[in-house]
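Overview (structure and organization)
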Amino acid sequence: ATAGGTTSPAPGSYIYDEGAVASVTAIPYSGYYFDHWELDGVNIESTNPVYVTMNMNHTLRAVFASTPTYNLTISVSGAGTTAPPPGTHAYNEGTVASVLAAPDSGYKFERWSLDGVDRTENPINILMNMNHTLTAYFVQEVFEYGNLKITVAGVEPTTEVTVEVNTYIQSRIG
């Protein structure tokens, strides 16, 4: 076997009766995938396991290749964070990366921008088949009542906030 994996049975020399069929399975290590078999120096197939009829002495080699990796670059706009945290994270090709947005107190998660396309699910799942850029957008929580706008900042989510609005009508007599 090449670097990146092993076989079952383990690499080595084995004796088989003429006409017997030997079955060999390629087992890639983490970060690698099984690519193909070479029988007596010739690329024969990528079927796994492989079956070899023992009609003469043979040399079988499992060929492994490293799994491509892609980067997910995460950033934040506003007050909040992500899990995994902002920064660049490498993932093997075909992996699904899940990212959760967590707003700071007084803020809410508004949206993601994934490679320039807006998305709103949270968490977001991303198939890592290329490099991706992801930005989490957080905005202050604002409540409106008529012309009154209330921005809540620095209040824990479990804190009850009461706002009283008194309206006075002034009139002139005379």
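That block above? That's the structure.
Quick look at the overall build of the protein chain now. What the protein chain contains, in helices and strands, is zero helices and 15 strands. Within the protein chain, the proportion of its 174 residues that are buried is 25%. Summed over its atoms, the accessible surface of the protein chain is roughly 11,600 Å², and 49% of this surface lies on carbon and sulfur atoms.

Before going further, it helps to spend a moment on the pairing of strand E3 (residues 32-39). Two strands pair when backbone bridges link them, and E3 and strand E6 (residues 60-66) are joined in this way by seven bridges, in the antiparallel orientation. Directly across from histidine 36, in E6, lies its bridge partner valine 63. Two strands pair when backbone bridges link them, and E3 and strand E4 (residues 42-45) are joined in this way by three bridges, in the antiparallel orientation. Following the sheet pairing, glutamate 38 is matched in E4 by asparagine 43. Remark: two residues form the turn of the hairpin made by E3 and E4, two consecutive strands paired antiparallel; aspartate 40 in that turn has positive phi of roughly 55°.

Now for the sheet that holds E3. Taken in spatial order, the three strands make up an open sheet running E4-E3-E6, and their pairing is antiparallel. Two strands bound the open sheet, and with one partner strand each, they are E4 and E6. Strand-to-strand twist in this sheet, taken as the mean axis angle between neighbours without regard to direction, amounts to 45°.

Residue position: serine 46 is located in the loop between E4 and strand E5 (50-53). The spacing of serine 46 and valine 63 is 17 residues in sequence and 9.3 Å in space, taken between C-alpha atoms. Ignoring anything within four residues of it in the chain, the contact list for serine 46 reads Phe34, Asp35 and His36.

Aromatic ring pairs are defined here through the distance separating the ring centres and the angle between the ring planes. In the structure shown here, the tally under the stated rule is four aromatic pairs. Aromatic pair phenylalanine 34 and phenylalanine 64: ring centres 6.0 Å apart, planes at 70°, arrangement edge-to-face. In this pair, phenylalanine 34 sits in strand E3 while phenylalanine 64 sits in strand E6, placing the two residues 30 residues apart along the sequence. With respect to burial, phenylalanine 34 and phenylalanine 64 carry one shared label: buried. Ring-pair connections join several aromatic residues into one group, and the members of that group are Phe34, Trp37 and Phe64. When the ring centre of tyrosine 137 is taken as origin, the NZ or CZ atom of arginine 111, which lies over that ring, is 3.9 Å away.

Summed over the entire model, instances satisfying the criterion amount to four salt bridges. A single network of salt bridges, built from pairs that share partners, joins Glu110, Arg111 and Asp118.

Turning next to the sheet that holds strand E1 (residues 5-8). If you trace the three strands from one edge of the open sheet to the other, you get E1-E2-E5, paired in antiparallel fashion. Each edge of the sheet is formed by a strand with only one pairing partner; in this case those strands are E1 and E5. Strand-to-strand twist of the sheet, defined as the mean angle between neighbouring strand axes without regard to direction, takes the value 30°. Both E1 and strand E2 (residues 21-28) contribute to a ladder of four bridges, which runs antiparallel. By the bridge assignment, threonine 6 is partnered in E2 with isoleucine 27.

Let us now look at unusual backbone geometry. Residue proline 84 is bonded to the preceding alanine 83 through a cis peptide linkage, with omega at 5°. That bond from asparagine 122 to proline 123 is cis: its omega, 10°, falls within 30 degrees of zero. Here proline 123 lies in the loop between strand E12 (117-119) and strand E13 (124-127). With phi around 55°, aspartate 40 is a residue other than glycine that occupies positive phi space. Inspection of the secondary structure assignment puts aspartate 40 in the loop between E3 and E4. By relative accessible area, aspartate 40 is classed as partly exposed at 37%. Backbone geometry at aspartate 115 places phi at a positive 50°, although glycine is not the residue there. Take aspartate 115: it is sitting in the loop between strand E11 (107-114) and E12.

The rules behind the values
Residues numbered from 1 in each chain as written. Predicted model: local features only at pLDDT ≥ 70, side-chain atom pairs only at ≥ 80, totals over all residues. Heavy atoms only, no water. Helix = DSSP H or I, 4+ residues; strand = E, 2+ residues; numbered from the N terminus. Buried < 20%, exposed > 50% of the residue type's maximum accessible area, 1.4 Å probe, protein only. Areas by Shrake-Rupley, 256 points an atom, 1.4 Å probe, with all protein chains shown as cover. Pairing = 2+ DSSP bridges. Axes fitted to C-alpha atoms, helices over the stretch in contact; angles between N-to-C directions. Contact = heavy atoms within 4.5 Å. Phe/Tyr/Trp six-rings, centres within 6.5 Å; stacked < 30°, edge-to-face > 60°. Lys NZ or Arg CZ within 6 Å of the ring centre and 35° of its normal. Salt bridge = Lys/Arg side-chain N within 4 Å of Asp/Glu carboxyl O.

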